[in-house]
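# Architecture at a glance
Okay, here's what each chain looks like letter by letter:
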Amino acid sequence: MGEQLSPEEKYHLITRNLQEVLGEDKLKSILQERELKVYWGTATTGKPHVAYFVPMSKIADFLKAGCEVTILFADLHAYLDNMKAPWELLELRTQYYEQVIKAMLESIGVPLDKLKFIKGTDYQLSREYTLDVYRLSSMVTEHDAKKAGAEVVKQVEHPLLSGLLYPGLQALDEEYLKVDAQFGGVDQRKIFTLAEKYLPSLGYAKRIHMMNPMVPGLTGGKMSSSEEESKIDLLDKKEEVKKKLKKAFCEPGNVQNNGVLSFVKHVLFPLNSEFVIKRDPKWGGDKVYTVHEEVEKDFAEELIHPGDLKASVEVALNKLLDPIRKKFESPELRKLTNTAYPDPSKNKGATKGNPKNLEEDDVVPSRLDIRVGKVISVERHPDADSLYLEKIDVGEAEPRTVVSGLVAYVPQEELQDRLVVLLCNLKPQKMRGVESQAMLLCASIEGDPRRVEPLDPPEGSSPGERVFVEGYEAGKSDDELKPKKKVFEKLQVDLKISGECVAQWREKDLMTKLGQITCKTLKGGNIS
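Residues numbered from 1 in each chain as written. Predicted model: local features only at pLDDT ≥ 70, side-chain atom pairs only at ≥ 80, totals over all residues. Heavy atoms only, no water.

A few words on the overall build of the protein. In terms of helices and strands, the protein carries 16 helices and 23 strands. Counting only C-alpha atoms, the protein reaches 90 × 70 × 45 Å along its principal axes. Buried residues in the protein amount to 52% of all 528 residues. Taking the contacts inside the protein whose residues are at least 6 apart along the sequence as the reference set, 71% of them involve residues at least 24 apart. Taken as a whole, the protein presents about 25,100 Å² of accessible surface, with 49% of it coming from carbon and sulfur. Put simply, the protein has 77 plus and 85 minus side-chain charges, and the middle of one group is 2 Å from the middle of the other. (Helix = DSSP H or I, 4+ residues; strand = E, 2+ residues; numbered from the N terminus. Buried < 20%, exposed > 50% of the residue type's maximum accessible area, 1.4 Å probe, protein only. Contact = heavy atoms within 4.5 Å. Areas by Shrake-Rupley, 256 points an atom, 1.4 Å probe, with all protein chains shown as cover. Lys, Arg positive; Asp, Glu negative; His and termini not counted. Charge placed at Lys NZ, Arg CZ, Asp CG, Glu CD.)

Put into structure tokens, the structure is as follows:
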């Protein structure tokens, strides 16, 4: 790829739409002799959004120009940036980034065999790299480190030492990845100049730095993972894309800070070499643009209505997002997404890298201690025909005694030696004089006591294995649920059986590490 291009043509492809290049002469010199080696890094913190198509389209340019491209998943940097990604989520988020960025590149037709992917922790924990961090720390002043990270590292009132280390590590990456150039946003310019200043002091070469402009978000400012309304997530549904584009800042005739127009310039044109404005025939019908400046000119002169621009971008954007959404429909990637980015209603302390016990008022499913059990024995209660007594192995030294009325119409032989699902942290209570030490969870149909089925763990499960709600794996269960708080009762309202007979809470699957919790036939049933 790129071998048929002249050095001048390669230079044009590599630098088009960039805001700035530091080291242009060196870039031209290398292109006269060989292919350029370049890397782009991303800290694995918030979820990638559609603005990531901007660097992806440049990576496509680099490949067309014959460059050797490395993509760095900067997991250690993610932690250093004010602990935006806690240790316990770093690996999961790195896996998510790798999958979603590969899906993005595939959606724009970039061949993955031409790329190299690497994690920061694959080499940043080595003895040599660590010693260079110390060497660099003995040279870089606090002022220079703070200044370098001012636009990249999250700024807080009392900054942590980790944020001061961040720019130096990014500089060292250039040497350890053995590249000629680093590519990034113009917001990283101060880190790039720090690298140019200090790497030669360590005996390492000064690299080329290529910078993209910052593309405005939908609200007119920077597109940010932390500002929900400013960005479109790569997995947003079509209805959500439409809703966010409809709200986007796109003032008639205003081409400044216009995120919709910028997306056309920096993503759609480089990828497609044209852009089609779709509109009703009474307003002139569809118009094909092959030069971006003409789109800007017509918009500035109000010959393109903001509504038509948004609708046209919506069509083009959904074409890019469709293959990504499809890939992430798989159970494995859905699970990865939910575990890497748990529901924000969960324990907020965990997002700061300091997991804490959930507050008693946070009613989330991770507070339930649900486990796989195996029925050892089952018999009728001596004082009530409608109650079964069961000894159930839940991976503890002694089996638990469970008293259940729900399964009164299930033949005893169907329960013997069966794998079941138990809620194990309810306060024990006596039922007709016998203490019940857990609750057997069943699917049931309201108003029909004969239609009951114990929930089934995945085949191959073992007694004691934890059952969790997808996306709530990391939470800690209560030692004992306090009856007055009614935690289970509040959660139970949203426990249902799906149309595929999968146990769910608010449409998120109940699972073990081996797969989904199911029932045999009671679609749409309740769980109790």
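This paragraph deals with the sheet that holds strand S5 (residues 181-185). Strand order in this open sheet of 6 strands is S1-S6-S5-S2-S3-S4, and the pairing throughout is mixed. Here the strands that pair on one side only, and so sit at the sheet edges, are strand S1 (20-22) and strand S4 (115-119). Going from strand to strand, the sheet's axes swing by 20° on average, the running direction of each strand aside. As judged from the 7 bridges shared by strand S2 (residues 37-43) and strand S3 (residues 68-74), these two strands associate in the parallel manner. Note on S3: the bridge partner recorded for Thr42 is Phe73. (Pairing = 2+ DSSP bridges. Axes fitted to C-alpha atoms, helices over the stretch in contact; angles between N-to-C directions.)

Here helix H11 (residues 259-272) is 14 residues long and its end C-alpha atoms lie 19 Å apart, about the 20 Å a rise of 1.5 Å per residue gives. Taking the largest bend as the criterion, H11 deviates by roughly 30°, centred on Lys265. Buried residues dominate H11, accounting for 11 of its 14 residues. The complete set of buried residues in H11 reads Gly259, Val260, Leu261, Ser262, Phe263, Val264, His266, Val267, Leu268, Phe269 and Pro270. Taken together, the buried residues of H11 touch helix H3 (53-64), helix H10 (238-247), strand S7 (275-277), strand S8 (287-289), helix H12 (292-300) and helix H13 (306-327). A positive backbone phi angle near 65° is found at Ser273, which sits one or two residues after H11. (Expected span 1.5 Å × (residues − 1). Bend = angle between axes of the 7 residues up to and from the residue.)

Moving on, we get to the packing of H3 against helix H5 (residues 87-107). Where H3 meets H5, the axes come as close as 10 Å, and the angle between the chain directions of the two elements is 60°. Judged on the interaxial angle alone, H5 and H3 are oblique. Here H3 and H5 pass one another in a crossing that is right-handed. Contacts between H3 and H5 pair Phe53, Met56 and Ile59 from the former with Ile101, Met104, Leu105 and Ser107 from the latter. Along the lines of polarity and charge, the residues of the contact of H3 with H5 split into 6 nonpolar, 1 polar and no charged. (Parallel < 35°, antiparallel > 145°, perpendicular 65-115°, else oblique. Left-handed = near helix turned anticlockwise from the far one by under 90°. Nonpolar A, V, L, I, M, F, W, Y, C, P; charged D, E, K, R; others polar.)

Our focus in this paragraph is the packing of H10 against H13. Orientation of H10 relative to H13, taken along the N-to-C sense of each, is 145°, at an axis distance of 10 Å. The chirality of how H10 crosses H13 is right-handed. Residues Lys238, Val241, Lys242, Leu245, Lys246 and Lys247 of H10 touch H13, and the partners they reach there are Lys310, Val313, Glu314, Leu317, Asn318, Leu321, Asp322 and Arg325. Across the contact of H10 with H13, the residue classes break down as 5 nonpolar, 1 polar and 8 charged.

Going through the model one piece at a time under the given rule, you end up with 10 aromatic pairs. With a centroid separation of 5.0 Å and 70° between ring planes, the pair formed by Tyr129 and Tyr176 is classed as edge-to-face. Here the residue Tyr129 occupies a position in helix H6 (residues 127-137), and Tyr176 occupies one in helix H8 (residues 161-176), the gap between them amounting to 47 residues. The class of Tyr176 is partly exposed, set by a relative accessible area of 24%. One aromatic cluster is present, formed by Trp40, Tyr52 and Tyr97 through successive ring pairs. One residue, Lys28, lies across the ring of Tyr11, its end atom 5.1 Å from the ring centre. Across from the ring centre of Phe117, 5.2 Å away, lies the NZ or CZ of Lys102, which sits over that ring. (Phe/Tyr/Trp six-rings, centres within 6.5 Å; stacked < 30°, edge-to-face > 60°. Lys NZ or Arg CZ within 6 Å of the ring centre and 35° of its normal.)

The next thing to look at is the pattern of salt bridges. Enumeration over the complete set of coordinates arrives at 27 salt bridges. Note that Glu98 is salt-bridged to Lys102, the shortest N-O span being 2.9 Å. Of this pair, Glu98 and Lys102 both sit in helix H5, 4 residues apart, roughly one helical turn. Judged by relative accessible area, Glu98 falls into the partly exposed class, the value being 23%. One salt bridge connects Lys238 with Asp322, and the closest N-O pair in it is separated by 3.8 Å. One end of the pair, Lys238, is in helix H10; the other, Asp322, is in helix H13, and 84 residues separate them in sequence. The exposure class assigned to Lys238 is partly exposed, which follows from its relative accessible area of 42%. Residue class for Asp322 comes out partly exposed when judged on its relative accessible area of 32%. Taken together, the shared-partner salt bridges connect Asp369, Arg371, Glu396 and Arg400 into one network. (Salt bridge = Lys/Arg side-chain N within 4 Å of Asp/Glu carboxyl O.)

Our next topic: the nonpolar core. Counting 71 residues, the largest nonpolar core has Leu36, Phe53, Ile59, Ile101, Met210 and Leu309 as its most contacted members. Leave out the neighbours within four places in its chain, and Ile59 touches Trp40, Val69, Ile71, Leu105 and Leu115. Judged by nonpolar contacts, the second largest core, of 31 residues, contains Ala43, Tyr79, Ala145 and Val179. (Core = buried A, V, L, I, M, F, W, Y, C linked by side-chain atoms within 4.5 Å.)

Looking now at H10. Among all positions in H10, only Val241, Lys244 and Leu245 are buried. Down the axis, H10 shows its buried residues gathered within 100° of arc, on one side only. Along H10, exposed side chains directed more than 90 degrees from the buried face belong to Glu239, Lys246 and Lys247. (Arc of directions from axis to C-beta.)

Here the focus is unusual backbone geometry. For Asp417, which is not glycine, the phi dihedral falls at a positive 65°. Within the secondary structure layout, Asp417 lies in the loop between helix H15 (412-415) and strand S12 (419-423). Of note, the phi angle at Lys486 is positive, near 50°, even though the residue is not glycine. On the secondary structure map, Lys486 appears in the loop between strand S18 (466-469) and helix H16 (487-492).

Below, the discussion takes up the confidence of the model for the protein. In the predicted model, the protein carries a mean pLDDT of 86, and 91% of its residues have values of at least 70. Under a pLDDT of 50 for its full length, residues 223-227 has, in the predicted model, 18 contacts with residues more than four places off or in other chains. Per-residue pLDDT stays below 50 along residues 347-360; that stretch engages in 26 contacts with residues further than four places along the chain or on separate chains. (pLDDT = per-residue confidence, 0-100.)

Moving on, we get to the environment of Glu68. Here Glu68 shows up in strand S3. Along the sequence, Glu68 and Gln95 sit 27 residues apart, while their C-alpha atoms lie 23 Å from each other. Excluding residues that lie within four positions of it along the chain, Glu68 makes contacts with Leu36, Lys37 and Val38.

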